[in-house]
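# Observations on the three-dimensional arrangement
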Amino acid sequence: MSWSIEVPAVNTLNRPLGDSAQEQALGHAECNVSRKVPLPGGSVLLAASARVPLELFNGPEDRDDGGVVGKKSAHPPDGSAPEPLFLPDGFTSWVKYAAELNAEASAEGTLPFVTLDGKGAINVLVADYRGHPTTHLLGDVLRKDAKTLRLPFQVDDVRALGPDDALAFQARIQLKTGATLSWPIVTAAVVTALAQRVGRAVALQLKADVGVSVGGSLQLEDELRLVFSRPKSPGPFTVSVRKATSHGGAVKIQVGATLGVESPLLTSLLTSVASTEQAREVTKVMEALESGTLSPTLLTLATALLGGLGFKEELDAAQTTVEKVYGELKTLIQDSVRATLKAGFEYEYARCTEDTTLMELEVPEAALSDVHGALISGDLASIQRQVKDAWTRRYFQMTSIETQRTRGFGLGWRDVFLAKASDRKKLKAVAQHASRDPVNGPRRYAFQGARAYEHKGWLAGGEVLQGIDFSAQMPGFSTRPSADAFEYGFFAQSRFKGSPSLQSLEDLARVWGALPDGAACEPLTALLQAAPRGASITARFELRLDSRAFKKLLKRIGTDPAAELECFAIALARALPRDSVAVRASPAVRQQVYAPLWKKYLMDRARNWDKAFILRSVEDRLKRMQPPAALQDRTWEQSSMAGGGPTPGAFMGVMENASRHGGDTGGTPYGKVYDIWARLTQRLKALQQAIDARSPLSDDPEHSIIVDAFDPLEDSGSDGFRMTATVAWFLELSRHWGFRADLQPLVGIQVGDQPELLLTSV
C-alpha cells in the first residue's frame, strides 16, 4: 500500500503544525492499494477509488466531519452534540489522511457490516489520524507519516496505534447487535397484544424474578463509522461505533426474537391463569407442547390454561387445536417483543445526531486479535456474547448510555422527567443530514416533546405524577422535508403511590379505557382483598397511540365538529373525579349526568360562565334530570370548604382548578378547558391539512407546524383533570370513528412487592 500526497502551497511545509496560518485543508491524498482482507467466512478485495482531502486540526474551531477531533460539548452527551475522541489542547495537532476505497467481496464474506454475495461492491471511507506536537514542521510530518499509513482492516495496523492516533472507516453498513427489554415494558406490550387478539378485556398478574429482562437481536443498516484508538500505549484499545453523515436512504432496522420452552414470558402467561396446583405442572405442559407429546391429562390442562388466556372459544379436545393455539400464542409474544424493541430503538435512534457514539468497548491488548475480525464484520452480537461486561463502556441509549437496554416509545421520558422534577417541559428537535450541505442537501428531522408534572390528586389524596410524550420523526431523508414525511405518536401516563380503594382504581381504569364500563375485575378484587392492611399500592394508567392510530385520529379531526364536541363533552363528564355521592358513582353515571352540562359549556364557548352561572347551571341540570338528583347530591355540588372555596371534586372545584384563567379573558373567566380544547382541535386539524398538502417544514424546525401541534397537547397534559379528559376524548373519538381497537390503554396495579397486575381492553 502506498500513499501520494498533494500539497498546493509548498511554502507551508516549513511551518510548524500549530502555526495559525496553516489551512485546515492541506491538499489531497490518494491511497494506491489492491489488497485482500480476510474476514469471517471469506475475504474482501480493497482497491483505491477516489481522492479525499488531507486535513490538519490545530485549533478548537477546526471541524472534523469524522467526529474524531473536535471541541467538547458544554452539555452531557445525549445524542444532540458530537462526542470527539481528541480535544485540541494547544500541544498536539492532528493530520487526517483519508481515502475512499472500493470494496468487493471475493467468494462469500462479510465486508465491514455489509453482507456481500460475491457480486456487490461498496465504497468505504478510511482515515488514519496521526497526532503530532504542534512544534513539528508540516513537511517532516507528512514525509514520516506517508511511509507508515495504516488501514483499520489490518489487525497489525490497529495494534500499532499510538496514544494520539486513531483509525476509522465509514460505510453504509449493517450492524448486528443484541438488546434487551425490561420486564414491565415487554409484559405491557404482550398483554395489550393479547387483548387485541382475543377481542376482550384482559387482566393478568405476570410473575417473574426480580430483574428479569427479555432479549432480542437488532440488525441496523445505516451510514456508520467504526473508530479504533488507544489512549495509552501499552494499554487497552477503545473501539467505538458512531453514527455518521448518511449518503444512503432510510435507516433499515430488522429485529429478531425467539422463544423457547424456557421463555419467562410463556411461563408467566400460562402460570397467571393457573391454580396453585396447576402452576406446578405448567413447565411439563410447555415441554410436552414443544415436543408434541401431550398426554391426555396434560392436554386437558393445556386446554384450560389457553382457555383462561382468552382462547376458550377456539379450543376443542383435539391435540392439534391446542398445539395450533399454543403456536399462535408464541408468535404473538415474539411479534410483540420485536415490535416493542424496534419501536424503542427507532424512537431513540432517530434523535441521535451524527457522531453520536452508539457503542464503545475497551478491548484488552491481548484480546484484540480474537475480536478484530468480528468487529470489522459488524457482528457485535457475537462480541457481546464473547466479551466481559467490564469491556462495555457505552451502549446506545438516548439519555442514559450506561445500561444495555432499549426502552419503548413513551417510556424513556419518565425516568428523565418525572423522577427528577415536579414540572418539566421539553421539546427537542434533532436534524440529520445526508450531505455536507445542511441547507439544501437531504435531511431528516425527529421531534420529541414531553411534559411531566406532579400534583396532589383526589385519588387517595396522594401525589400523582403525570405526563405526555409526543413524537414525530422522518424515517427517510428529503431535500424538502414536509409534514407528510413524518411518523407521529402520542403517549400519556398517570401514576401514583398510595392506598386507594378498589372502587377508585376500577373507576380510573374505565376512564382510561382499560376496563369496560360495568365490568367487574375479579383479579383486581382478589389482589386488593389479599393485601395486608396498610399495604402501599402503586398504579400506572397509560394510553398509547402509535403512528397508525394517531394518523387515523388526525385524518378525521375537523371533519365532524358536532360529533367531536359531543365526544369531548362525554370525555369531560367521565373525567370528573369519582366521589361517594350518587351522581359521581361511575364514569357511566357521570356521563349521563354531566355530559349535557359540558356540552352547553362547549357550545357557549365558555362565555359568561362565571361562578354564579356555573353553580346555577349545575343546580338546574340536577333538578331537571329524570328523575331529579337527590337533595344530598345537589347540596354536595353547592357545598363549600372551611376556607370558603368549592369542594375539590365538585363541578365548581374542577372549574376552579382546571379551567379558571388568571382573569376574565373576554368574558371567559372559566374558559381554559374550552380554549385549550379548541386550540388543540385547530392545531391537529392544521397538522392534517399540512400533511394532505405536503407542506414543507419551516427552515427552523423549532417553529414548525409540528411544534404548533405539541403546544396545546402540552397544555392538555399540564393538569390532572385536563389530561384525563384528553385521554378520554381520544378514546371516545376512536369509538365514534370505528378504530377503538387501534388504541392501546393499559393499567398496571402493584400491591407491595407483589407482581404487577396488568389490565387492558379493546
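Next up on the list: the pattern of salt bridges. Taken as a whole, this structure holds 37 salt bridges when the rule is applied. For Arg 660, the salt bridge goes to Glu 656, with nearest N and O atoms at 3.0 Å. Among the residues examined, Arg 660 registers a relative accessible area of 44% and is labelled partly exposed. Take Glu 656: its relative accessible area is 21%, and that puts it in the partly exposed class. One salt-bridge network, held together by shared partners, links Asp 128, Arg 130, Asp 145, Arg 150 and Asp 165.

All right, on to the pairing of strand S20 (residues 487-498) then. Judged by how many residues are buried, S20 sits mostly within the fold: nine of twelve residues are covered. Judged from the ten bridges that link them, strand S19 (residues 463-473) and S20 form a sheet pairing that is antiparallel. From the neighbouring strand, Leu 465 faces S20, where its bridge partner is Arg 495. Here nine bridges tie S20 to strand S21 (residues 537-545), and the two strands are oriented antiparallel to one another. Note on S21: the bridge partner recorded for Ala 492 is Leu 543.

This part is about the packing of aromatic side chains. Applying the stated criterion across every chain, the model contains 20 aromatic pairs. Judged by centre distance (5.2 Å) and plane angle (15°), the rings of Phe 86 and Trp 94 are stacked. Here the two residues Phe 86 and Trp 94 agree in accessibility, since each one is buried.

Here the focus is the nonpolar core. Among the nonpolar cores identified, the biggest contains 103 residues, and Leu 194, Leu 329 and Ile 333 are the most heavily contacted of them. Contact partners of Leu 329, with chain neighbours within four places excluded, come to Leu 194, Leu 266, Leu 269, Leu 270, Leu 306, Leu 309 and Phe 311. Counting 100 residues, the second-largest nonpolar core is a separate cluster that includes Ile 537, Ala 629, Ala 658 and Met 723.

Moving on, we get to helix H22 (residues 720-737). For H22, which comprises 18 residues, the first-to-last C-alpha distance of 26 Å matches the rise-based estimate of 26 Å (1.5 Å per residue) to within 8%. Burial analysis of H22 places 16 of its 18 residues in the buried class, the great majority of the element. The distance from a side-chain oxygen at the start of H22 to the backbone nitrogen of Phe 721 is 2.9 Å, and the residue carrying that oxygen is Asp 719. Of the residues flanking the end of H22, it is Gly 738, one or two places downstream, whose phi is positive at about 85°.

The set of residues buried in helix H1 (residues 138-145) consists of Leu 138, Gly 139, Val 141, Leu 142 and Asp 145. Relative to the axis of H1, the buried residues are bounded by an arc of 165° and lie together on one face. Within H1, the exposed residues directed more than 90 degrees away from the buried face are Arg 143 and Lys 144.

So, about unusual backbone geometry. With omega at 0°, the peptide bond leading from Ser 233 into Pro 234 counts as cis. Its location among the elements puts Pro 234 in the loop between strand S12 (213-229) and strand S13 (237-243). A cis geometry characterises the amide bond from Gln 626 onward to Pro 627, with omega recorded as -5°. Following the sequence through the fold, Pro 627 ends up in the loop between helix H17 (611-624) and helix H18 (631-638). One non-glycine residue, Arg 605, adopts positive backbone phi at about 55°. The backbone phi angle of Asn 608 is positive, close to 65°, even though this residue is not glycine. Along the chain, Asn 608 turns up in the loop between helix H16 (587-603) and H17.

Close contact between helix H20 (residues 672-693) and H22 brings their axes to 12 Å; oriented N to C, the two are set at 45°. Taken together, the axes of H20 and H22 lie oblique to each other. Pair H20 / H22 crosses with right-handed handedness. The segment H20 lies against H22, with Lys 672, Val 673, Ile 676, Trp 677, Leu 680 and Thr 681 engaging Phe 721, Arg 722, Thr 726 and Trp 729. Residue composition of the contact of H20 with H22, by class: six nonpolar, two polar and two charged.

Rules used in this analysis
Residues numbered from 1 in each chain as written. Predicted model: local features only at pLDDT ≥ 70, side-chain atom pairs only at ≥ 80, totals over all residues. Heavy atoms only, no water. Salt bridge = Lys/Arg side-chain N within 4 Å of Asp/Glu carboxyl O. Buried < 20%, exposed > 50% of the residue type's maximum accessible area, 1.4 Å probe, protein only. Helix = DSSP H or I, 4+ residues; strand = E, 2+ residues; numbered from the N terminus. Pairing = 2+ DSSP bridges. Phe/Tyr/Trp six-rings, centres within 6.5 Å; stacked < 30°, edge-to-face > 60°. Core = buried A, V, L, I, M, F, W, Y, C linked by side-chain atoms within 4.5 Å. Contact = heavy atoms within 4.5 Å. Expected span 1.5 Å × (residues − 1). Polar contact = N/O pair within 3.5 Å; in protein donor to acceptor, adjacent residues only side chain to side chain. Arc of directions from axis to C-beta. Axes fitted to C-alpha atoms, helices over the stretch in contact; angles between N-to-C directions. Parallel < 35°, antiparallel > 145°, perpendicular 65-115°, else oblique. Left-handed = near helix turned anticlockwise from the far one by under 90°. Nonpolar A, V, L, I, M, F, W, Y, C, P; charged D, E, K, R; others polar.

Keep in mind these values describe shape, not function.
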